[in-house]
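Fold and contact review
Single-letter residue listing:
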Amino acid sequence: MIYSDKVMDHFQNPRNVGTLPDADGVGQVGNPVCGDMMTFYVKVKDDRLTDVKFQTFGCGAAIAVSSMVTEMALGKTVAEAMEITNEKVAEELGGLPKNKMHCSNLGADALHAALENYQARKAGTAAGPNIVGDHDHEAAEGAPERCPYCDGPVDNSPEMCSCRKCDLDLVECGHCHLYTNKAETNCTHCGAQLER
Amino acid sequence: MKRIYLDHIAAAPIDPAVTEAMRPFMGDRFGNPQSLHSDGQTAAEAVEEAREGVAALIGAVPDEVIFTASGTEANNLAIKGLAQAQKAKGNHLVVSSIEHASVLNAVKSLERSGFAATLVPVDGEGWIDPADVAKALRPETILVSVMTANSEVGTIESVAEIVREVRAKAPGALVHTDAVAAAGNIPLDVKALGVDALSLSGNVFYGPKGSAALFLKKGRKLVPQIEGGIQEGGRRGGSEDVPAIVGMGKAARLAAAAMTERAGRMSALRDRLIGGLTRSIERVRLTGSPDRRLPYHASFCVEFVEGEAMLLGLDFKGIAASSFSACTSKSLKVSHVLLAMGLDHALAQGSLIFSLIDTISAEDIDRVLEIFPPVVERLRNMSPLYTAYLKESGR
């Protein structure tokens, strides 16, 4: 199995699945093009998260991550919950496969989107849900060190970025700044059209 | 819990009779077919007998069969080997957009060394219109490669018609077909198809992994891609993998004998599965052609859920299937086949394939029909896309 027992447990028995019609904050990240989309609902009382629910379209990792985030967030103060990071969630799950770290590990982002929505509603600057609609990609700095397809070593030069192992020329996506096979028309990470 | 294996396109079990045929060649019949002594000659005879078996399966003569170590190698040998051998005549190739990676990447590699290629589109069922192939032909076209059947969506292509178009419009061009998903499972005759080259793989018809072959019509020349000794008529170097070759030969004979009965039985089970699932699950669509279809192949896109999650859910219930969603591929790429068929990314994420093996029974299929709908329902109940769909449709 490519996943840890803990991931499989959260996939099989996800905690806190559902929606909250009277939520104090709603946040959504990702999109079906990427393969993963998560919606989080939070109830906050006296600055503490009294209820957290999620809905996720995605792979086993995405579902397990969402479930784990709800467990980690419940009972925390808003400030504490904002400190939950995607990395901490993956760690709590006993690790995730490398190629799942980016796309599927968005649970903390979705929780933060819901919490920001709660704060905005409280401040009177928002009424509806906070739809990020896309990954909040960490801006990639320069070319990747490993090939996104085979995890092999990458040759970098100012003109060219190519994988030594699978012999693919890679090109940076102007939208999410991740690298995709040059032959593609759309970025395989975020679906945006690649500039020629 | 009895496991139900429905991932024929990834691997099939080896027929016990095949294992038995191979066993002596992993034991005391270990000779090298190239050796002159009797130990070598025993192995050489076994290899030639296997070559006859494989040739008979596709209506070829034994000399036209080159053994390779995989379908991928056979495709590489055909694409690169035939293109390179005809370089003086032209530099243009025509391939379909739904070919296996071993064809598409071999073409890409040729493009880096001065060849040009045209990708032919497919329709919504993954069918390649022979007229579209004809349109792509140029005076400098030297090679056309279209698959016999697609392993992701099960559609059987009109190879004979495509060959007729090529002969009429580009008589100088050769035609190769990747028949890996089809050979041994549907009747194929290289003379009726009219192709110059055809790839096939033993494991798809219950032979061992690592056994495959390229049919190359008599008189056609190719540049060897593995250079070495004079094995396989100088067209593929390397000491013969005698057990694998013997296994493939035995499997080919068994497949030829079982073909009609097996294809009929599998098609009936396939249709029972397709009919049952499309009736019991809403918003599920069959991918590929409903009638021009591999007998063992049932492929779907299930809306509002993702393929890997379905695979994991099925695996827990003892069912092995496959998917071509982005999350199931290491490269995180959605299937190029589904995109070429015009499916959008979100729908392609719900890819799921049940490919039947020979030992599957009607009871097994009914068990899948019982188990799969709740797996989908469980995932849909956590899917924001499904919630939105229910809301939109007023439920």
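All values derive from a computational prediction rather than experimental measurement.

A few words now on the overall build of chain B. Broken down by element type, chain B carries 13 helices and twelve strands. Taking 21 Å as the expected radius of gyration for a compact globule of 395 residues, we find that chain B reaches 22 Å, a close match to that expectation. Seen through its principal axes, chain B has C-alpha atoms that stretch 75 × 55 × 35 Å. Classification of the 395 residues of chain B by burial places 59% in the buried group. Accessible area for chain B stands at about 15300 Å²; split by element, carbon and sulfur atoms hold 54% of it. Counting 42 positive and 46 negative side-chain charges, chain B places the centres of these two groups 2 Å from one another.

On a plain count of helices and strands, chain A comes out with five helices and eight strands. Here chain A holds 196 residues, and 52% of them are scored as buried. Counting contacts in chain A only where the partners sit at least 6 residues apart, residues at least 24 apart contribute 50% of the total. Of the roughly 8900 Å² of accessible surface on chain A, 48% is carried by carbon and sulfur atoms.

On the chain B side, the residues contacting the 33 residues of chain A number 28 residues. Roughly 2600 Å² of surface becomes buried between chain A and chain B when both sides are summed, with 62% attributable to carbon and sulfur atoms. Here chain A is connected to chain B by one salt bridge. Across the pair Lys100(A) and Glu308(B) runs a salt bridge, and its minimum N-O distance is 2.7 Å. Connecting chain A to chain B are eight residue pairs in polar contact (both at pLDDT 80 or more). Contributing elements (two or more residues each) for the side of chain A that touches chain B: helix H1 (5–12), strand E2 (36–45), strand E3 (48–57) and helix H2 (60–73) of chain A. Per-class residue counts for the side of chain A that touches chain B are 19 nonpolar, ten polar and four charged.

Attention now moves to the pattern of salt bridges. All names here are of chain B. Counting across every chain of the model gives 25 salt bridges over all chains. Note that Glu-73 and Arg-236 form a salt bridge whose closest N and O atoms lie 2.6 Å from each other. Note that Glu-73 is positioned in helix H3 (residues 71–85) and Arg-236 in the loop between strand E8 (212–216) and helix H8 (242–280), a separation of 163 residues in sequence. Arg-265 is the salt-bridge partner of Glu-261, the closest N and O atoms lying 2.6 Å from each other. Pair noted here: Glu-261 and Arg-265 are both in helix H8, with a separation of four residues, about one helical turn.

Summed over the entire model, instances satisfying the criterion amount to six aromatic pairs over all chains. Each ring, one from Phe304(B) and one from Tyr386(B), has its centre 5.5 Å from the other, and the planes form 50°; the classification is tilted. Of this pair, Phe304(B) sits in the loop between strand E10 (297–302) and helix H9 (307–316) while Tyr386(B) sits in helix H13 (residues 384–392); the two residues are 82 residues apart in sequence, bridging distant segments of the chain. Of the two residues examined, Phe304(B) and Tyr386(B), each falls in the buried class. Within the aromatic cluster, the residues linked to one another by ring pairs are Phe300(B), Phe354(B) and Phe372(B). Against the face of Phe11(A) rests Arg378(B), its NZ or CZ located 5.1 Å from the ring centre.

It is worth spelling out the pairing of E3(A) at this point. Of all ten residues making up E3(A), seven are buried, and the element is well covered by its neighbours. As consecutive antiparallel partners, E2(A) and E3(A) are separated by two residues, and within that stretch Asp46(A) has a phi angle of approximately 50°, a positive value.

With that out of the way, let us pick up a negative patch on the surface. The grouping of Asp46(A), Asp47(A), Glu80(A) and Glu83(A) at the surface amounts to a negative patch. Along the chain, the position of Asp46(A) falls in the loop between E2 and E3.

All names here are of chain A. Summarising the element assignment, Asn-105 is placed in the loop between helix H4 (86–92) and helix H5 (107–122). On the basis of relative accessibility, which here comes to 2%, the residue Asn-105 falls in the buried class. Polar side-chain contacts of Asn-105 include one of 2.9 Å to the backbone oxygen of Asn-86. Not counting residues up to four positions away in its chain, the partners in contact with Asn-105 are Val-65, Asn-86, Glu-87, Val-89, Ala-90, Leu-96 and Lys-100.

This part takes up unusual backbone geometry. Even without being glycine, Asp46(A) reaches a positive phi, approximately 50°. Non-glycine residue Tyr206(B) carries a positive phi angle of around 70°. By the secondary structure assignment, Tyr206(B) is in the loop between strand E7 (197–201) and E8.

Take the confidence of the model for chain A next. For any part of a model where pLDDT is low, the fine detail of the predicted coordinates should not be relied upon. Of all residues in chain A, 77% attain a pLDDT of 70 or more, and the chain-wide mean is 83. Low pLDDT (under 50) marks residues 135–141 of chain A, which in the prediction has 13 contacts with non-local residues, meaning those over four places away or in another chain.

Here we take up the side chain of Asp178(B). Residue and element names in this part refer to chain B. Tracing the backbone through its elements, the reader meets Asp-178 in strand E6 (residues 174–178). One buried charged residue, Asp-178, remains without a salt bridge, the closest side chain of opposite sign being Lys-80 at 14 Å. One polar contact links the side chain of Asp-178 to the main-chain amide nitrogen of Val-180, over a distance of 3.0 Å. For Asp-178, the residues in contact, after removing those within four places along its chain, are Asn-75, Glu-99, His-100, Val-103, Val-146, Met-147, Thr-148, Ala-149 and Ser-199.

Next up on the list: H3(B). Counted at 1.5 Å a residue, the expected span for H3(B) with its 15 residues is 21 Å, and the 20 Å between its end C-alpha atoms agrees. All of the buried residues in H3(B) are Gly71(B), Glu73(B), Ala74(B), Asn75(B), Asn76(B), Leu77(B), Ala78(B), Ile79(B), Lys80(B), Gly81(B), Leu82(B) and Ala83(B).

Thresholds, definitions, all that
Residues numbered from 1 in each chain as written. Chains lettered and ligands numbered in written order. Predicted model: local features only at pLDDT ≥ 70, side-chain atom pairs only at ≥ 80, totals over all residues. Heavy atoms only, no water. Helix = DSSP H or I, 4+ residues; strand = E, 2+ residues; numbered from the N terminus. Rg over C-alpha atoms; globule rule 2.2 N^0.38 Å. Buried < 20%, exposed > 50% of the residue type's maximum accessible area, 1.4 Å probe, protein only. Areas by Shrake-Rupley, 256 points an atom, 1.4 Å probe, with all protein chains shown as cover. Lys, Arg positive; Asp, Glu negative; His and termini not counted. Charge placed at Lys NZ, Arg CZ, Asp CG, Glu CD. Contact = heavy atoms within 4.5 Å. Buried area = accessible area lost by both parts, 1.4 Å probe. Salt bridge = Lys/Arg side-chain N within 4 Å of Asp/Glu carboxyl O. Polar contact = N/O pair within 3.5 Å; in protein donor to acceptor, adjacent residues only side chain to side chain. Nonpolar A, V, L, I, M, F, W, Y, C, P; charged D, E, K, R; others polar. Phe/Tyr/Trp six-rings, centres within 6.5 Å; stacked < 30°, edge-to-face > 60°. Lys NZ or Arg CZ within 6 Å of the ring centre and 35° of its normal. Pairing = 2+ DSSP bridges. Patch = residues over 30% accessible without salt bridge, like charges linked within 9 Å, V, L, I, M, F, W, Y side chains within 5 Å. pLDDT = per-residue confidence, 0-100. Expected span 1.5 Å × (residues − 1).

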